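Architecture at a glance
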Amino acid sequence: PNILINTAAFTNVELAEKKRNEVLMINGFSVGNIARECAKRNILLIHFSSDYVFDGLKKSPYSEKDLPCPLNYYGYSKLIGEQEIKKSGCNFYIFRISWLISNYGNNFLKVILRKAQNDGIINVVNNQYGVPTSTKLIAKIVKSLIDDYLNGSEWGKGIYHLTPNGKA
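Residues numbered from 1 in each chain as written. Predicted model: local features only at pLDDT ≥ 70, side-chain atom pairs only at ≥ 80, totals over all residues. Heavy atoms only, no water.

Turning next to the packing of helix α2 (residues 20-41) against helix α3 (residues 73-88). Here α2 crosses α3 at 15 degrees, and the two axes come no closer than 8 Å. What the angle tells us is that α2 and α3 run roughly parallel. Where α2 crosses over α3, the handedness of that crossing is right-handed. Facing α2, whose interface residues are R20, V23, L24, N27, G28, F29, V31, G32, A35, R36 and A39, α3 presents Y73, Y74, Y76, S77, K78, I80, G81, E84, I85 and S88. (Axes fitted to C-alpha atoms, helices over the stretch in contact; angles between N-to-C directions. Helix = DSSP H or I, 4+ residues; strand = E, 2+ residues; numbered from the N terminus. Parallel < 35°, antiparallel > 145°, perpendicular 65-115°, else oblique. Left-handed = near helix turned anticlockwise from the far one by under 90°. Contact = heavy atoms within 4.5 Å.)

Counting buried positions along strand β2 (residues 44-50) yields seven of seven residues, so the element is predominantly enclosed. Taken together, the four bridges between strand β1 (residues 3-6) and β2 define a ladder with parallel strand orientation. Opposite L4, over in β2, you have L45 as the bridge partner. In this structure, β2 lies alongside strand β3 (residues 92-97), joined through six bridges in parallel fashion. Directly across from F48, in β3, lies its bridge partner F95. Traced from β2 through α3 to β3, the parallel crossover comes out right-handed. (Buried < 20%, exposed > 50% of the residue type's maximum accessible area, 1.4 Å probe, protein only. Pairing = 2+ DSSP bridges. Right-handed = clockwise from strand over helix to strand, strands pointing away.)

With a phi close to 55 degrees, N42 is a non-glycine residue in the positive phi region. Among the secondary structure elements, N42 is positioned in the loop between α2 and β2. Accessibility expressed as a relative area gives 58% for N42, which makes it exposed. Phi is positive for W99, which is not a glycine, with a value near 45 degrees. On the secondary structure map, W99 appears in the loop between β3 and β4 (100-101).

This next bit is on the nonpolar core. In terms of nonpolar packing, the biggest core is built from 13 residues, with I46, F48, F95 and V142 touching the most fellow members. Every element with two or more residues in this core is listed here: β2, β3 and α5 (135-150). Examining the composition of this core, we find that five residues originate from one element, α5, more than from any other. Ignoring anything within four residues of it in the chain, the contact list for V142 reads I5, I46, F48 and F95. Grouped together as the second largest cluster of nonpolar side chains are ten residues, A35, I43, I85 and I159 included. (Core = buried A, V, L, I, M, F, W, Y, C linked by side-chain atoms within 4.5 Å.)

Evaluated as defined, the whole model comprises ten salt bridges. The partner of E17 in a salt bridge is R20, and the shortest N-O contact between them spans 2.9 Å. Among the residues examined, E17 registers a relative accessible area of 32% and is labelled partly exposed. Of the residues examined, R20 reaches a relative accessible area of 41% and is grouped as partly exposed. Linking E37 and R41 is a salt bridge whose minimum nitrogen-to-oxygen distance equals 2.2 Å. (Salt bridge = Lys/Arg side-chain N within 4 Å of Asp/Glu carboxyl O.)

Here it is, written out as structure tokens:
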């Protein structure tokens, strides 16, 4: 292949604290293995990371230039994956995603809707902000990147924060 899109990840943030070896292998070192194989074969790697690589203490939106400082093991494992990609020497795009929402799978939106429907009461913290990011937006951006890449138009490889404007 010319392009490899890695969507595999251990995404259960709470369980990551209990299964540290497993989450580190999946989100960290296996990503490094994939990246090294992409480097050997000159394959473009598109990888998805997380806003959990940051501690969430900054009062304004994080930029790609901000230094990561994860608060939990999930965020740490995603940061290791990013570092492994950079060390590999492969051509890559890393997209950091925030508060994934979709009609499918287990995600932020579906958890909130399920709690509202089943319990009628939703207990959530009121001091955290994020940017809900739809899988449709992600697919649209990645398709545009691939189309441009295949047509010889480079975006500038590296890390991008793939989120819409605003916050919730």
